[in-house]
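Residue-level listing of the chains:
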Amino acid sequence: MKKLLLIIFVPIGLVLAIPLTLLLLMYDGSSWEDFDKTIYSEDADAMSAFYEDLDVALNDYQENSAREDDLVIPVHEDVINTAIFTLLQGQNDQYLPLESCESSDCLYVIEDEINDNLVYRIKGAWITLGDSSEGQFTFNLALEAGRPDGFTFKTNLQARFTLEDREDEYYLEFDRVRIGSLPLTRGLFTRILSVANVETNLDEEDFPGVDLAIDNLSLTINKAEMLENLDGNDDAMMDLFAEMLNIVFERRLVHFEIQNRLIHITMGISQIRSDDDEDIPPYLYDMHDEQGYNPDLFDSGRFMKTRFDQYTFNRALTGDTRYEIKERHFNKMLYDNFDGFEGFRIDREVNGRMMSVGLQGLWFDFGETDIKIYGLIEIDSIKSVVDMRWDVVELEADRIEYQLSRVAIGDAEGKTADEFILIDEATNSERLEKFRDAFASIGDVEFAIFTEVGNLVISTETLENFMEVGTVEDNITIDSFEINNDGILLDLKASNENLDLILSAFSNSLQDAFSSPTILGNLDDNLNPEPGSPEEAVLESVASIQTALNDNGDVDPELVEELFDAYEQMSPENQDSFMDSFYGEMDENVVDEFGDFFQN
């Protein structure tokens, strides 16, 4: 009888025990509870958390590293889990599973009924980074299922992966899945997929460079092939972006690895870092206050009017009819036109200090046979200068055409060619052509045009457009110009004979004002100069010019330049007082006519 009972009940017991055992192994009510949710808040911000990690890394780098060292940013898993949390809130904007939460609206990402007697819930998702150097991480998903008012089955789905950033590819390999305490091996998964005859070929057009291998459940992304989806799409800027990514991959400027429960992002700063003392030209800081660029400190209209006033003074005193746009004048206008390049960087306060990442400034360096364009990129105080050289390929009196011949990033004294990024005809002509194509897509800019082949053309026409700021439109024309190491020299003239007579009459009357015995006294009364002030320097310059006129009538152009260098340092009110002092010594009709036709 006992044997009969065993024969009957043992199989029944096994049938009941096996699924019950599996359920017990799969049950997990502690993993989600043990997960540290203190990073969750209504204002959770993954980028702010990342910037805090970046701040720590930068401080350590600046204090303990040399130019040849790379920057390593250790990113804690909390940063990634904060990002996952914000994504989950995209599914349920009330999701905030803290102790203060008592309703299902904030406890669960998703809660839905399968039928009247069964409900399933997604409680949360997070990752756990591995302790070893093998690049492992685990994705966790907390789930619940059960009767609405009865027993709830809880489990945690864990999928472990290995991620490697290799020289030519990203490699992601599935390791195992664990449901609660029940492991499901990779071998079991591959057999299931094989039996199910799962399609493993990915569409080459939709996933260029991506290879999914079912035999070992791995995903390989070829870096170069991945860029083919960006390159060659008839968008020159996107092609250039793809090419710059190619440089990043080639030189391994950014790569990462998982170890010690951190993602270590290594940036190849040594290859692009310039000397610590590299900076934008100091005169651009005249447009800054304690908070940085201040548009109220620079008036482009007044600035260009000052340039035209300098031209008229120089014409009256030296007979030189050329108008000079000095390099610093040009760069100030450019800097102001782009609002101090604030839109090209991210400024963020982290741990009580301001961190700036991005383009700090762009400026031109003029030469007789080439133009160099410099851009200063900063990651906090780590600086990298981009240097683009444009060589003259066509030179005429009213037109100069330049071709981009060299792009260098991070070039600095003492660096060899393989220690910075160099793009020219010799190193990579195809890559240089990508830059030219990108410039060709820009077309017109304020002072020049880019041709269909990406060459830079500066002409009398484009410079006349530039000159319209601060003077009356169409009343001044440019016959010819030349570019030298100091800037751009324009040969100006009035646009018709009558206007030329007005300009000449103004020049003659201004020269007479300089010879007036009362001009110095009037200036002294109107400017009230303090010792060592710009006003005192202006008064001394006027006295020197007056002496030169009275002695032999010849005025050195440098005296006029010194006068206006000091003039620029005065307040707008004193600049107006200076000009009014001279106008008071001149023929009123001549001043009025000049103002009507040549001053905005």
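This is a predicted model, so every value here is computed, not measured. (Residues numbered from 1 in each chain as written. Predicted model: local features only at pLDDT ≥ 70, side-chain atom pairs only at ≥ 80, totals over all residues. Heavy atoms only, no water.)

1. Points about the state of the cysteines
Counted under the stated rule, the structure contains 1 disulfide. Bridging Cys-101 to Cys-106, the disulfide has an S-S length of 1.7 Å. Taking the torsion about the sulfur-sulfur bond, which here is approximately 95 degrees, the covalent link between Cys-101 and Cys-106 counts as right-handed. Both residues of the pair, Cys-101 and Cys-106, belong to the buried class. (Disulfide = S-S within 2.5 Å. Buried < 20%, exposed > 50% of the residue type's maximum accessible area, 1.4 Å probe, protein only.)

2. A look at the nonpolar core
Core analysis: the biggest nonpolar cluster contains 95 residues, and Phe-313, Leu-490, Phe-514, Phe-578 and Phe-582 have the highest contact counts within it. Counting 41 residues, the second largest nonpolar core, distinct from the first, contains Ile-84, Ile-127, Ile-179 and Val-350. (Core = buried A, V, L, I, M, F, W, Y, C linked by side-chain atoms within 4.5 Å.)

3. Quick notes on a nonpolar patch on the surface
There is a patch of nonpolar side chains on the surface, built from Ile-114, Leu-118 and Tyr-120 and spanning about 250 Å² of accessible area. Tracing the chain through its elements places Ile-114 in strand E2 (residues 110–115). Accessibility expressed as a relative area gives 53% for Ile-114, which makes it exposed. (Patch = residues over 30% accessible without salt bridge, like charges linked within 9 Å, V, L, I, M, F, W, Y side chains within 5 Å. Areas by Shrake-Rupley, 256 points an atom, 1.4 Å probe, with all protein chains shown as cover. Salt bridge = Lys/Arg side-chain N within 4 Å of Asp/Glu carboxyl O. Helix = DSSP H or I, 4+ residues; strand = E, 2+ residues; numbered from the N terminus.)

4. Observations regarding the packing of helix H15 (residues 519–527) against helix H16 (residues 534–551)
Each pair of packed helices can be summarised by the angle the axes make with each other and by the distance between the axes. At a minimum axis distance of 11 Å, the contact between H15 and H16 shows a crossing angle of 175 degrees. Between H15 and H16, the crossing angle belongs to the class labelled roughly antiparallel. Taking contact as the criterion, the partners of Ile-519, Leu-520, Leu-523, Asp-524 and Leu-527 in H15 are, on H16, Glu-535, Val-538, Leu-539, Val-542, Ala-543 and Gln-546. Among the residues making up the contact of H15 with H16, the classes are represented as 8 nonpolar, 1 polar and 2 charged. (Axes fitted to C-alpha atoms, helices over the stretch in contact; angles between N-to-C directions. Parallel < 35°, antiparallel > 145°, perpendicular 65-115°, else oblique. Contact = heavy atoms within 4.5 Å. Nonpolar A, V, L, I, M, F, W, Y, C, P; charged D, E, K, R; others polar.)

5. Points about the pairing of strand E10 (residues 254–259)
Regular strands place side chains that alternate from one sheet face to the opposite one. Looking at chain direction, E10 and strand E11 (residues 262–267) are connected through 6 bridges and run antiparallel. The residue of E11 that forms the bridge with His-255 is Thr-266. Where E10 folds back onto E11 in an antiparallel hairpin, the turn is made up of 2 residues, including Asn-260, whose phi is positive at roughly 55 degrees. (Pairing = 2+ DSSP bridges.)

6. Describing the packing of aromatic side chains
Describing an aromatic ring pair means giving the distance of the ring centres and the angle of the ring planes. Summed over the entire model, instances satisfying the criterion amount to 38 aromatic pairs. Centroid distance Phe-137 to Phe-161: 5.5 Å. Interplanar angle 20 degrees. Geometry classified as stacked. Placement of Phe-137 in strand E4 (residues 136–146) and of Phe-161 in strand E5 (residues 152–165) is noted, with a sequence separation of 24 residues between them. Using a relative accessible area of 17% as the deciding quantity, one classes Phe-137 as buried. Note on Phe-364 and Phe-447: the rings are 5.4 Å apart at their centroids and 90 degrees apart in plane angle, and the pair reads as edge-to-face. Here Phe-364, found in strand E16 (residues 353–366), pairs with Phe-447, found in the loop between helix H12 (425–440) and strand E21 (449–450); they are 83 residues apart in sequence, far enough to count as distant. Judged by relative accessible area, Phe-364 falls into the buried class, the value being 5%. (Phe/Tyr/Trp six-rings, centres within 6.5 Å; stacked < 30°, edge-to-face > 60°.)

7. Some words on the sheet that holds E11
Ordered in space as E1-E11-E10, the 3 strands form an open sheet in which the pairing is antiparallel. Across the chains shown, the open sheet's two edge strands, defined by having one partner strand only, are strand E1 (71–76) and E10. Between one strand axis and the next, the sheet turns through 25 degrees on average, direction left out of account. Contacting E1 and E11, helix H4 (residues 77–91) runs over the sheet at an angle of about 55 degrees to E1.

8. A closer look at the pattern of salt bridges
Scanning the entire structure with this criterion turns up 27 salt bridges. We note a salt bridge from Lys-123 to Glu-144, for which the minimum N-O separation is 3.0 Å. Of the two residues, Lys-123 is situated in strand E3 (residues 118–129) and Glu-144 in strand E4; the sequence distance between them amounts to 21 residues. Take Lys-123 and Glu-144: they sit in the same class, and that class is buried. Of the charged contacts, one joins Asp-411 and Arg-406 as a salt bridge, the two residues approaching to 3.1 Å between their closest N and O atoms.

9. Here we look at the environment of Ser-218
Mapped onto the elements of the fold, Ser-218 is located in strand E9 (residues 218–222). Ser-218 sits in the buried class, given a relative accessible area of 4%. As for Ser-218 and Leu-172, which are separated by 46 residues in sequence, their C-alpha atoms are 5.6 Å apart. Contacts of Ser-218, omitting those with residues within four sequence positions, involve Tyr-171, Leu-172, Glu-173, Asp-211, Leu-212 and Ala-213.

10. Quick look at the environment of Leu-163
Along the polypeptide, Leu-163 turns up in strand E5. The class for Leu-163 is partly exposed, based on a relative accessible area of 24%. Between the alpha carbons of Leu-163 and Gln-136 there is a distance of 6.2 Å; along the sequence they are 27 residues apart. Other than its neighbours up to four places away in sequence, Leu-163 contacts Gly-135, Phe-137, Tyr-171, Leu-172, Phe-256 and Ile-258.

11. Side note on the side chain of Asp-424
Within the fold, Asp-424 resides in strand E20 (residues 421–424). At 5.3 Å, Arg-406 is the nearest oppositely charged side chain to Asp-424, a buried residue that forms no salt bridge. In terms of polar contacts, Asp-424 uses its side chain to reach the backbone amide nitrogen of Thr-427, at 2.8 Å. Dropping the residues within four chain positions of it, Asp-424 is found in contact with Ser-405, Arg-406, Ser-429 and Leu-432. (Lys, Arg positive; Asp, Glu negative; His and termini not counted. Polar contact = N/O pair within 3.5 Å; in protein donor to acceptor, adjacent residues only side chain to side chain.)

12. With respect to helix H11 (residues 327–337)
When you tally the buried positions in H11, you get 9 out of 11 residues, the bulk of the element. Of all the residues in H11, the buried ones are Glu-327, His-329, Phe-330, Asn-331, Lys-332, Met-333, Leu-334, Tyr-335 and Asp-336.

13. Things to note about H12
Helix length check: H12 (16 residues) gives 18 Å between terminal C-alpha atoms against 22 Å at 1.5 Å per residue, more than 12% under. All of the buried residues in H12 are Arg-431, Leu-432, Lys-434, Phe-435, Arg-436, Ala-438 and Phe-439. Looking at the packing, one finds that the buried side of H12 touches helix H8 (236–250), strand E18 (382–396), strand E19 (399–409), E20 and E21. Between the side-chain oxygen at the start of H12 and the backbone nitrogen of Ala-426 there is a gap of 3.2 Å, and the oxygen is on Asp-424. (Expected span 1.5 Å × (residues − 1).)

14. Some words on the pairing of E11
The pairing of E1 with E11 spans 6 bridges and is classified as antiparallel. The residue bridging Ile-73 from the neighbouring strand is Ile-265, located in E11.

15. Some points on a negative patch on the surface
Residues Glu-68, Asp-69, Asp-70, Asp-418 and Glu-419 make up a contiguous surface patch of negative charge. By the secondary structure assignment, Glu-419 is in the loop between E19 and E20. (Charge placed at Lys NZ, Arg CZ, Asp CG, Glu CD.)

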